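As a plain string of letters, each chain reads:
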Amino acid sequence: MNRETILHPTRRSLLAGGAAALTAATLPRFVQAQSSEPIRLGFQLHRTGIGAAYGRWYERTALAALKVVNEAGGIAGRPVEILFEDDATDPRRGAEVVEKLASQAKVDMIFGPLFSHVVIAAAPRAAELKIPYLVCSEGYHVASGKLNRWTLQPGITDVRAQVTAMAPWVTQNLGKKVTMIFPDYAFGHDHRDFFTEAVAAQGGEVVAQIAIPPTETSFTRYFPRIPRDTEVLYHVMVGPAVLTFVKELGEFYGSGAKPEIFGFIDSLEAVDIANPGLQFLEGSHFWEGQCRMLQPDASEAETFYRDAVGVDANGAAIEDPKNVSCYGHMFSVWETLFAIKQGMEACNWRGPQDRQAFVEAVEAFTEMPAGRERPQGAKVFNPKLHQVFGHQFISKLEGGKLVKVHETSLEDGIYPSDVDYLATSF
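Residues numbered from 1 in each chain as written. Predicted model: local features only at pLDDT ≥ 70, side-chain atom pairs only at ≥ 80, totals over all residues. Heavy atoms only, no water.

Caption draft 1: The arrangement of the packing of helix H5 (residues 159–173) against helix H6 (residues 186–201) in detail. Two numbers describe how H5 lies on H6: the axes approach to 9 Å, and their chain directions differ by 40°. By the criterion of interaxial angle, the relationship of H5 to H6 is oblique. The element H5 and its partner H6 pack so that their crossing is right-handed. Contacts between H5 and H6 involve Val159, Arg160, Val163, Thr164, Ala167, Val170 and Thr171 on the former and, on the latter, Phe187, Asp190, His191, Phe194, Phe195, Glu197, Ala198 and Val199. Tallied by class, the residues present in the contact of H5 with H6 amount to nine nonpolar, three polar and three charged. (Axes fitted to C-alpha atoms, helices over the stretch in contact; angles between N-to-C directions. Helix = DSSP H or I, 4+ residues; strand = E, 2+ residues; numbered from the N terminus. Parallel < 35°, antiparallel > 145°, perpendicular 65-115°, else oblique. Left-handed = near helix turned anticlockwise from the far one by under 90°. Contact = heavy atoms within 4.5 Å. Nonpolar A, V, L, I, M, F, W, Y, C, P; charged D, E, K, R; others polar.)

Caption draft 2: Geometry of the packing of helix H3 (residues 91–104) against helix H4 (residues 116–129). Where H3 contacts H4, the axes come no closer than 7 Å and their chain directions differ by 30°. Classified by the angle between their axes, H3 and H4 sit roughly parallel to one another. Here H3 runs over H4; the crossing is right-handed. On the side of H3, the interface is formed by Pro91, Gly94, Ala95, Val98, Glu99, Ala102 and Ser103, while H4 contributes His117, Val118, Ala121, Ala122, Arg125, Ala126 and Leu129. In terms of residue class, the contact of H3 with H4 is built from nine nonpolar, three polar and two charged.

Caption draft 3: Just the packing of aromatic side chains, in detail. Evaluation of the coordinates by the stated rule reveals 24 aromatic pairs. The interplanar angle of 40° and the centroid separation of 5.3 Å between the aromatic rings of phenylalanine 43 and phenylalanine 84 together place this pair among those described as tilted. One end of the pair, phenylalanine 43, is in strand E3 (residues 39–45); the other, phenylalanine 84, is in strand E4 (residues 80–86), with 41 residues separating them in the sequence. Each member of the pair, phenylalanine 43 as well as phenylalanine 84, carries the same accessibility label: buried. Pairing phenylalanine 115 with tyrosine 185 gives two aromatic rings, centres 6.3 Å apart and planes at 0°, and the pair type is stacked. (Phe/Tyr/Trp six-rings, centres within 6.5 Å; stacked < 30°, edge-to-face > 60°. Buried < 20%, exposed > 50% of the residue type's maximum accessible area, 1.4 Å probe, protein only.)

Caption draft 4: Up close: unusual backbone geometry. Even without being glycine, threonine 89 reaches a positive phi, approximately 50°. Structurally, threonine 89 is set in the loop between E4 and H3. Despite not being glycine, histidine 386 has its phi angle at roughly 60°, a positive value. Position of histidine 386 among the secondary structure elements: in the loop between strand E16 (379–382) and strand E17 (387–390). Of the residues examined, histidine 386 reaches a relative accessible area of 0% and is grouped as buried.

This is how it looks when you write it as structure tokens:
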């Protein structure tokens with residue numbers, strides 16, 4: 001990979017490509033005549049369904065990253081196109097999208113899905129079709145070994161790593177008796193299992209686990225189940241009703257005493273913290289995959305990425321301050337596209353015949369330094385797990401602003417595992 005080219009791209013004139021059969025957008029083509037066909041990447045997009053807010057920002061991030069890649073010469077000198085296909089955040093539809101992109105659109109590989117129940121359903125079809133499937137998710141499904149050698153996660157850490165890294169800070173600073181509220185599907189179950197384990201390792205205890213269906217629209221009836229001796233309320237919710245969740249949680253506690261609150265930013269992704277009814281969150285803490293609000297120590301790579309995607313210092317779209325981003329997750333799309341570029345160039349990609357060679361090239365990744373390719377920060381890739389490990393951030397809501405108070409080390413999130421995809425067949 002030509003790092004210098006990526007970090008200091010030259011300006012090129014681009015022309016919009018013709019509309020593709022399966023997509024809402026086709027990426028720019030070079031003005032110069034090309035002797036080779038464009039590289040075609042399929043993007044499995046949550047454009048509708050409970051993941052729509054993420055899908056909107058995942059698409060925007062993919063297009064921004066694509067523009068940077070193409071302006072810097074594409075991949076090995078070839079222009080790149082992305083074909084987007086909506087999976088409705090639905091497991092059955094997810095497998096159909098993989099089939100459609102691979103068999104009908106003839107894409108070189110597929111990336112982009114977030115929601116774990118969709119990934120788990122779709123990954124087996126990718127293996128059957130022998131097409132690389134790079135997910136931008138968080139669940140433990142990849143590193144657990146339950147998927148396959150064609151499925152990789154090089155752009156974002158998994159839940160097990162996240163909670164392993166942060167549990168010591170939570171128990172040492174907020175409390176040791178924890179009640180957990182989480183969505184009742186694979187992603188939430190990962191939180192339930194691994195945070196409970198991590199808290200116990202710190203001498204703490206999860207005193208209650210409250211699972212909520214991901215399609216729930218009202219939450220008040222769940223809150224009386226929070227034990228009175230709870231010292232820390234740990235919440236992670238997803239979907240279009242997250243604003244309702246946090247508002248109803250505030251109404252439940254009112255102005256009276258409440259436990260320390262530690263939430264995953266998932267509960268506030270695409271939500272304006274200035275919304276009426278969220279004042280009770282003042283002083284609470286959040287995990288962030290990447291700090292939504294621009295921090296004083298932000299790197300040049302972070303500001304470059306933020307500007308490229310069109311996000312202001314508060315984490316909203318530059319053109320519309322009410323359009324709040326999914327900043328804690330969407331960097332995974334950017335970083336995954338650059339991982340694709342690195343892998344393709346490492347295996348001297350010619351076409352679909354090199355799909356296995358591409359997977360093997362990614363499996364050769366180890367250290368992944370911070371930079372414009374990885375604006376979230378430096379990472380290490382474990383080829384046996386097909387999973388990347390990186391830094392985590394804990395922010396505190398102060399004066400309506402998310403202020404970073406802790407950053408974990410790379411080592412904090414690494415956990416023991418006997419999974420080895422390298423020992424499995426293609």
